[in-house]
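# Geometric and topological summary
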Amino acid sequence: MYRRCHNQVPGESIREEVLAEKIPVCNVCCDRPVEQGEEKPILKPDIVFFGEKLVNAFFDNVNADIENADLMIVMGTSLKVAPVARLPSLLDAKVPRILINREVVGSSSQRFDVELLGNCDEVVKALMDRLDDSREDAERDESKIFSREGTNRFVFRGMQDLVNYGDEMKAPKEEEATVE
């Protein structure tokens, strides 16, 4: 979306530009010359970047969303920036919370019923594979996908030595190291 004219385009229409590491510009505004001191009509993803103000719709809807939630999935976050960081603790205690993240986050009041630790893309793909019974090529041996730690924490492949458990990184044990 371009902020000035609010032109929105489907992501697929700018995919090739993004993959070619070109900055996509607004096709409505780019036909006119850019005046001195004016910013180029660069398209911005329809997300809120760190330091940007949340849209009014967030504040208008947050209370109703919290009251009507039957599940919360938290993905790819440090949960350190307010007001979003407080959302998990505002939910009713009986609403399940799932964390999909590279690290354990949140305070003691922000418990997660399930923690799926790993790269978000890989965790979601593994979940999709497991839910798709029609896929014969999907990996079914859970030990090749994740290891289980306790009753609610699952650490996905390749992450066992890298997962951050809050204040410190879990380092590989010396006896686990191998030289090839």
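See the structure printed just above.
In this text the structure is predicted, and so the values were computed from the model without any measurement. (Residues numbered from 1 in each chain as written. Predicted model: local features only at pLDDT ≥ 70, side-chain atom pairs only at ≥ 80, totals over all residues. Heavy atoms only, no water.)

## What to know about the layout of surface pockets
Under the convention used in this document: Cavities and pockets are defined on a 1 Å grid built over the protein atoms alone: a cavity is a set of grid points where a 1.4 Å probe fits but cannot escape, while a pocket is an open set with protein on both sides within 12 Å along at least five of seven lines, and lining residues are those with an atom within 4 Å of any such point. Grid points are joined across faces, edges and corners, and a volume is the space filled by probe spheres set on the points. Gly is placed with the polar residues, together with every amino acid not listed as nonpolar (Ala, Val, Leu, Ile, Met, Phe, Trp, Tyr, Cys and Pro) or charged (Asp, Glu, Lys and Arg).
Computed from the structure, the largest pocket encloses a volume of approximately 630 Å³. Ile 47, Val 48, Phe 49, Glu 52 and Leu 54 are the residues nearest the centre of the largest pocket, which is lined by 25 residues in total. Grouping the amino acids of the lining of the largest pocket by side-chain chemistry returns 15 nonpolar, 4 polar and 6 charged.

## A closer look at the pattern of salt bridges
Heads up, the rule is: Put simply, a salt bridge is a Lys or Arg side-chain nitrogen that is within 4 Å of an Asp or Glu carboxyl oxygen. Counting from the N terminus, the helices are DSSP H or I runs at least four residues long and the strands are E runs at least two residues long.
Following the criterion strictly, the structure yields 3 salt bridges and no others. The partner of Asp 129 in a salt bridge is Lys 125, and the shortest N-O contact between them spans 2.9 Å. Of this pair, Asp 129 and Lys 125 are both found in helix 4 (residues 120-131), 4 residues apart, which corresponds to roughly one turn of the helix.

## Description of the sheet that holds strand 4 (residues 146-149)
The strands that make up a sheet are held in pairs by hydrogen bonds between backbone atoms, and each pair lies either parallel or antiparallel. Selection rule: Here a strand pair is declared whenever DSSP counts at least two bridges between the two strands. The axes used here are C-alpha line fits, helices contributing only the stretch in contact, and every angle between their N-to-C directions lies in the interval 0 to 180 degrees.
Judged by pairing direction, the sheet is mixed, and its 5 strands sit side by side in the order 1-2-3-5-4 without closing on themselves. Bordering the open sheet on either side are strand 1 (72-75) and strand 4, each of which pairs with just one other strand. Going across the sheet, the axis of each strand differs from the next one's by a mean of 15 degrees, ignoring polarity. Bridging between strand 4 and strand 5 (residues 153-156) involves 4 bridges; their strand directions are antiparallel. The partner of Phe 146 across the bridge, within strand 5, is Phe 156.

## A look at the nonpolar core
Threshold: The term nonpolar core refers to a set of buried residues drawn from Ala, Val, Leu, Ile, Met, Phe, Trp, Tyr and Cys, joined through side-chain atoms within 4.5 Å. Residue burial is assigned from relative accessible area. The probe radius is 1.4 Å, only protein chains are included, and a residue is buried under 20% of its type maximum, exposed over 50%, and partly exposed in between. When checking whether two residues touch, look at their non-hydrogen atoms; a contact exists if any pair is within 4.5 Å.
Counting 16 residues, the largest nonpolar core has Val 74, Leu 79, Leu 87 and Leu 99 as the members making the most contacts within it. Those elements that place two or more of their residues in this core are helix 2 (56-68) and strand 1. Examining the composition of this core, we find that 3 residues originate from one element, helix 2, more than from any other. If near-sequence neighbours (up to four positions away) are discounted, Leu 79 is found in contact with Val 74, Val 84, Ala 85, Pro 88, Val 105, Gly 106, Gln 110 and Phe 112. Counting residues in each nonpolar core, the second largest holds 9 residues, with Cys 120, Ile 145, Phe 146 and Phe 156 among its members.

## Re the pairing of strand 2 (residues 97-101)
Of all 5 residues in strand 2, 4 are buried, a share of seventy percent or more. Bridge analysis of strand 1 against strand 2 gives 4 bridges, and the strand direction is parallel. Residue pairing across strands places Val 74 opposite Leu 99, the latter belonging to strand 2. The pairing of strand 2 with strand 3 (residues 114-117) spans 4 bridges and is parallel. By the bridge assignment, Leu 99 is partnered in strand 3 with Glu 115.

## As for the environment of Arg 102
Worth spelling out the cut-off: Residues adjacent in sequence count toward polar contacts only when both atoms are side-chain atoms; beyond that, a polar contact is any pair of N or O atoms within 3.5 Å, and within protein one must be able to donate a hydrogen and the other to accept it.
Structurally, Arg 102 can be placed in the loop between strand 2 and strand 3. A C-alpha to C-alpha distance of 8.4 Å links Arg 102 and Leu 116, two positions 14 residues apart in sequence. Engagement of the side chain of Arg 102 in a polar contact is seen with the side chain of Asn 119, the distance being 2.6 Å.

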